[in-house]
Structure formats: structure tokens, C-alpha cells
Amino acid sequence: MTTPAPKSTPGDMSTFNILHGFTEALVRGMRSSFLGDSDYHHLTQCESLDDVRLNLTESDYSDVLQDTNTLTPSGLQSAAVEKLVTEFQYLRSQAGEPMGTFLDFITYEYMIENVMLLLKGTLSGRDINELIEQCHPLGMFKESTMRSIPTFESNARGWADLYQTVLVDTPVGPYFSMFLQESSNRVGGEVRNVIEEVEIEIIKSSLIKYWIEDFANFVEKLGGETAEIMGDILKVRADTNAINITLNSFGTPLNEPAMRASDRARLYPSLGHLYPAGTAMLVNVSDEDELGRVLELFPQHSAIWNVHAAGGADKSIDDAFYERDVQQLELAFESQMHFACFYAYVKLKEQEIRNLVWISECILQQQKDEINKFVPCFSSHAPWRSGK
């Protein structure tokens, strides 16, 4: 009788370092590349973008900026994103399974955004080269597939071919298939009609919902620390989407009584701290006061909503969401032998890029009074560390 192979999870102490220890060590080493409090202090004291570039030569961004003669906010963003993509691709090249699939799931969000950008641009007649330049590098797929979108005829046959060529052949094809099938059954129309009649942002919200649910199911099957930590991150992400969808629907057809229980309710992910009781209550919300009363029942969201309700100029609800996300993502680095730190690294780097763009824009527009309104990563002065 043969002894069966031991069943282990990505968080199993006996096997994790054998299978994934090197890649995890890489991403934990990359944590040291984040800008520190002193870096941000020096950046906020800069008088010009040349000063910003000079200060960044002392940071991990020195290599990507060394050939930059004139720094602009958009150029800085492109260089920083390029650096992040290079690092992510190296991590992906070193990953075995199931870590490789986990890292692929991270890119699916950017693929959805890219495809929606191409679809929206095609419907409005924009140049395909301009659209491709705006696509996020982490969500790129075959260029031939991307360039084929404008070549389809504007008829039922042409848009059926678009679905088969673009939507099915991408890794996120199943999400598009789910949405288009659901929408076609509901309105009795063809794919072309669905794309024309439904707002692009509503389609995007539906696809992101399917992605979050699929990602959550995947990490739940992985088990261990990954399921616990990454599962909670995705629950918070699902709650954020549900709140934003409800808030942004006010003043639009989605807030009409008939649309709330049908179209808007379909956009809420079927997971999260709000699900199912909270999302059921969100269906009937018709204004901000009612939304606030619902969120007051959930302590993890009531403080963020109070920021929005106060209406202060110092902090918006998006800023409150960013602060909450940074705190949670930083905690992903506090435990070991799980995959959530890879997702956390990408999202925290995105926050750092937002910080750099904000600082450079404030300097360029001479708005120094606003320059400190950013959320640093791993800051010793963060509210959750200083007890404020």
C-alpha cells in the first residue's frame, strides 16, 4: 500500500519555503524600495520638478529616471509604472504553481480595464494607437487582438466576431461571457445592443464583480494564511465597490426604484462584510442619508462614511478608502508563508505612484498648500501607528 502524498496549502510551514520561499523572499526584499518619511519630506520641499528628479535619484527610482531630461507628472507616472511592471514580471517568472495563477489573477483586473478602454474608445471613434498607449502594461494581451477591435463591421455579424476574437481569447473572457449572456437574456438583444445601451462603467463594474468573486473562490480553495488574509482583503474590496456603486448611482437611472432591485443589485459582489444583509439593504437606498444609516450598522465602514458626511476639504471618502487600504495591505507583510503580500506589494506601489504624481502636480501648479494630502506607505507617522 502506497502512502498518499501529503495535502498541503500555500501556508503550510512544512512545504511553503520549498515551493515558494525564494519568490516570497524577493517581494519582501522589494518592500525596502518604498519611499520613506524623509524621502517624502524632501519631495514636498522641492520648488520645481527638476528638484523632484534630483531627490528621486537617491531612491529606488534612480535607474528609470536617469535618461529623463525633463520630468513631467505623466512621465514620472509612466516611468514608475514601468518599474513596477518589470518587478512584477520578474516575480511571475520565478513563481511556481499555484502562486503563478494567483499572480495572474492580479493582472486580470487590469485586463478588464484595458478591454473596456478599447471598447469605449472604439464606440466613440478614437484612434487605436492612442488607446493602446493608455492601456495599463500589467493588463496587456496580444497586440494583434487589441488592434483587431476597430476592424469589425458595425453589424450583428461583426460584433459577434468581436466577441469570439477579443472577449473569448483573453484570460478574462469568461467574465465577459457571463455578463453578455446575462444581459442578452434580459434585454433579448444582440451583443452590439448590449454594449451600446449599457453604460461602459456599469459593464466594468459587472466584470470587476465577477473577477472579485472568482479570485475569492480561488484563494478560498488555496486555504491556509492566503485564504484568511487575502480573503479579507477581497471582502473589503467588495464592500468598497458596493458602497461606490451605490453612491455613484444617485442622480442616475440606476437609482430609479425599478433599476435598484434589478440592474444595481446585480453589480454588488456576493461576498464581503456587507454581504448579504448589508447589500440587501443597499438595494433599497435612494439617497446619501439612507446610505449613511445603513453603513452606521457596520463599524468597519461607519468611520469612513462619517468622513464623507462631514464634507471637509481636507479628506474625501476616496482618501479615507486609500488610508484604510494602505493599513490593511501593510498588515499583509506582517505574517509569513502566504501569497497576499504579492497583491499588497502591487497595490501599495500603485499608491506610492499616486503620491508621486500628486506631489509633482502640486509643485507644477504651485499648490504647495495641498501637497501633503497623500497617503504614504509604511510611514511611522501613519494614524494607525501614532494612535491618532
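Residues numbered from 1 in each chain as written. Predicted model: local features only at pLDDT ≥ 70, side-chain atom pairs only at ≥ 80, totals over all residues. Heavy atoms only, no water.

Trainee: Quick question: what am I supposed to make of the packing of aromatic side chains here?
Mentor: When we look at a pair of aromatic rings, we describe it by the centre distance and by the angle of the planes. Within the structure shown, the criterion is met by twelve aromatic pairs. A centroid spacing of 5.6 Å and a plane angle of 80 degrees characterise the contact between Phe-34 and Tyr-345, whose relative ring orientation is edge-to-face. With Phe-34 in the loop between helix H1 (16–30) and helix H2 (37–44) and Tyr-345 in helix H19 (residues 340–364), the pair connects residues that are 311 residues apart, well separated along the chain. Across this residue pair, the class does not change: Phe-34 and Tyr-345 are buried. Feature note: the residues Phe-16, Phe-102, Phe-105, Tyr-108, Trp-211, Phe-215, Phe-218, Phe-339 and Tyr-343 constitute an aromatic cluster, connected by ring pairs. (Phe/Tyr/Trp six-rings, centres within 6.5 Å; stacked < 30°, edge-to-face > 60°. Helix = DSSP H or I, 4+ residues; strand = E, 2+ residues; numbered from the N terminus. Buried < 20%, exposed > 50% of the residue type's maximum accessible area, 1.4 Å probe, protein only.)

Trainee: Where do I start with unusual backbone geometry in this structure?
Mentor: Note: most residues except glycine have negative phi, and most peptide bonds are trans. Residues Glu-97 and Pro-98 are joined by a peptide bond in cis, for which omega reads 5 degrees. Relative to the elements of secondary structure, Pro-98 occurs in the loop between helix H5 (73–94) and helix H6 (99–123). Following Tyr-275, the chain continues to Pro-276 via a peptide bond in cis, the omega torsion being 0 degrees. Examined against the element boundaries, Pro-276 turns out to sit in the loop between helix H14 (257–266) and helix H15 (277–282).

Trainee: Sorry, what's going on with the nonpolar core here?
Mentor: Core analysis: the largest hydrophobic core is formed by 94 residues, its most contacted members being Phe-102 and Phe-215. Looking at which element gives the most residues to this core, the answer is H19, with 14 residues. Not counting the four nearest positions on each side in its chain, Phe-102 is found in contact with Phe-215, Phe-218, Val-219, Leu-222, Thr-226, Met-230, Phe-339, Ala-340, Phe-342 and Tyr-343. Ranked by size, the runner-up nonpolar core spans 21 residues in total, among them Ile-245, Leu-254, Tyr-268 and Val-285. (Core = buried A, V, L, I, M, F, W, Y, C linked by side-chain atoms within 4.5 Å. Contact = heavy atoms within 4.5 Å.)

Trainee: What exactly am I supposed to notice about the pattern of salt bridges here?
Mentor: Close approach of charged atoms lets side chains of opposite charge pair. Evaluation of the coordinates by the stated rule reveals 13 salt bridges. In this structure, the salt-bridge partner of Arg-324 is Asp-325, at a minimum N-O distance of 2.9 Å. A relative accessible area of 14% means that Arg-324 is categorised as buried. Asp-325 gets classed as partly exposed once you look at its relative accessible area, which sits at 25%. For Lys-347, the salt bridge goes to Glu-350, with nearest N and O atoms at 3.6 Å. Here the residue Lys-347 and the residue Glu-350 both occupy positions in helix H19, the gap between them amounting to three residues, near one helical turn. Across the pair, exposure class does not vary: Lys-347 and Glu-350 are buried alike. If you follow the salt bridges from partner to partner, you end up with Glu-109, Arg-237, Lys-347 and Glu-350 in one network. (Salt bridge = Lys/Arg side-chain N within 4 Å of Asp/Glu carboxyl O.)

Trainee: In this structure, what is going on with H2? I would like to understand it.
Mentor: Given 3.6 residues per turn, any residue in an α-helix points the same way as the ones three and four places further on. Among all positions of H2, only Tyr-40, Leu-43 and Thr-44 are buried. An end-on view of H2 places all buried positions within 95 degrees of arc, on one side of the element. For H2, the elements touching its buried residues are helix H3 (49–56) and H19. (Arc of directions from axis to C-beta.)

Trainee: What's the story with H5 in this structure? I'm lost.
Mentor: If you check H5, its first and last C-alpha atoms are 32 Å apart, about what 22 residues at 1.5 Å a residue would give, namely 32 Å. Along H5, the residues that are buried comprise Pro-73, Leu-76, Ala-79, Ala-80, Val-81, Lys-83, Leu-84, Val-85, Glu-87, Phe-88 and Leu-91. Structurally, H5 contributes buried residues whose contacts are with H1, H3, helix H4 (62–65), H6 and H19. (Expected span 1.5 Å × (residues − 1).)

Trainee: Any chance you could explain the packing of helix H18 (residues 317–331) against H19 here in plain terms?
Mentor: Helix-helix packing is characterised by the crossing angle of the two axes and by the distance between the axes. Where H18 meets H19, the axes come as close as 9 Å, and the angle between the chain directions of the two elements is 140 degrees. Judged on the interaxial angle alone, H19 and H18 are oblique. In terms of crossing hand, the pair formed by H18 and H19 is left-handed. From H18, Tyr-322, Val-326, Leu-329 and Glu-330 reach across to H19, where they touch Tyr-343, Ala-344, Lys-347, Leu-348, Gln-351 and Arg-354. In the contact of H18 with H19, the residues fall into six nonpolar, one polar and three charged. (Axes fitted to C-alpha atoms, helices over the stretch in contact; angles between N-to-C directions. Parallel < 35°, antiparallel > 145°, perpendicular 65-115°, else oblique. Left-handed = near helix turned anticlockwise from the far one by under 90°. Nonpolar A, V, L, I, M, F, W, Y, C, P; charged D, E, K, R; others polar.)

Trainee: Quick question: what am I supposed to make of the environment of Val-285 here?
Mentor: Here Val-285 is to be found in the loop between H15 and helix H16 (288–295). Overall, Val-285 belongs to the buried group, its relative accessible area being 2%. Distance from Val-285 to Leu-247, taken between C-alpha atoms, is 9.5 Å for residues 38 residues apart in sequence. Every residue in contact with Val-285, bar those within four places of it in the chain, is listed here: Thr-246, Phe-250, Asn-255, Arg-260, Arg-264, Glu-290, Leu-291 and Val-294.

None of the figures reported here should be taken as evidence of function without further support.
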